[in-house]
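Residue strings, one per chain:
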Amino acid sequence: KVFSAYGELDRSACQPLLQHLERVCITEGNVVWQQGDAPDGLYVIESGVLRAVYNFADRKDVLEESMVGGTLAGELSALANLPRNATVSVEKDAVLWKLSVESLHRLEEEHPDLVRTFVHLVLKGRLST
């Protein structure tokens, strides 16, 4: 459902991807990751609210955003293997589905076409926001 607005992703073709998702429940107030951390994966938010706080050295203001169910979190830093660019905490108890960096690498080797399609949909979704 997360990608439905950006293109077709056949559920049966996605089975290898779905099998690598780990369900993670995190309660309000907990930190999912800190700005500067190495990426551990990307997350599909099933429910709850995450709060991202961006502190950039070249800016005086702090940027904040809320992320809700049906969206992705941490996808760009995970795909680019770059340090996290925000601190993300749980604003309202959340159920997340984590695709770890290790699982993504395994999928790239075993199902390169699926991962290529997945990455294109992630990028389309990000560029549409």
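Now for a description of the structure that goes with this document. Note that the structure is predicted; figures quoted are calculated from it, not measured.

1. Description of the pairing of strand β6 (residues 87-100)
The pairing of strand β1 (residues 22-26) with β6 spans five bridges and is antiparallel. Paired with R23 across the bridge in β6 is W97.

2. Here we look at the packing of aromatic side chains
A full pass over the atoms with the stated rule returns two aromatic pairs. Pairing Y54 with F56 gives two aromatic rings, centres 5.9 Å apart and planes at 20 degrees, and the pair type is stacked. Y54 sits in the buried class, given a relative accessible area of 13%.

3. Some remarks on the environment of C25
Inspection of the secondary structure puts C25 in strand β1. Residue class for C25 comes out exposed when judged on its relative accessible area of 52%. Separated by 23 residues in the primary sequence, C25 and G48 have C-alpha atoms spaced 9.7 Å apart. Once residues within four sequence positions are removed from consideration, C25 is found in contact with A94 and V95.

4. Re helix α3 (residues 101-110)
If you check which residues of α3 are buried, you get V101, S103, L104 and L107. Mapping the buried residues of α3 onto a view down its axis gives an arc of 160 degrees, with all of them on the same face. Away from its buried face by more than 90 degrees, α3 exposes E102 and E109.

5. Topic: the pattern of salt bridges
Counted according to the given criterion, the structure contains five salt bridges. Between D40 and R84 there is a salt bridge whose closest N-O contact spans 2.7 Å. Pair noted here: D40 is in the loop between β2 (31-33) and β3 (41-54) and R84 is in the loop between α2 (75-80) and β6, with a separation of 44 residues, a long-range link. R116 is the salt-bridge partner of D113, the closest N and O atoms lying 2.2 Å from each other. You can see D113 and its partner R116 sitting in helix α4 (residues 112-127), three residues apart, about one turn around the helix. Members of the salt-bridge network, linked through shared partners, are D40, R84 and K98.

Calculation rules
Think of each chain on its own: its residues are numbered from 1, step by step along the sequence as written. Where local features are concerned, this predicted model is filtered to residues with pLDDT of at least 70; where side-chain atom pairs are given and counted, the filter is 80 or more; whole-chain, interface and lining totals use all residues. The basis for every side-chain value is the complete set of non-hydrogen atoms in the structure, without hydrogens or water. One bridge is not enough; two strands pair if DSSP finds at least two bridges between them. Numbering goes from the N terminus for both helices and strands, where a helix is a DSSP run of H or I of at least four residues and a strand is a run of E of at least two. Working definition: a ring pair exists when centres of Phe, Tyr or Trp rings (six-membered ring for Trp) sit within 6.5 Å. Plane angles under 30 degrees give stacked, over 60 give edge-to-face, the rest tilted. Note on classification: 1.4 Å probe, protein chains only; a residue is buried when its accessible area is under 20% of the maximum for its type, exposed when over 50%, partly exposed between these limits. Pairs of residues are marked as contacts when any of their non-hydrogen atoms sit within 4.5 Å. Within this analysis, the arc is defined by the directions that extend from the helix axis to the C-beta atoms. What makes a salt bridge here is a side-chain nitrogen of Lys or Arg within 4 Å of a carboxyl oxygen of Asp or Glu, nothing more.

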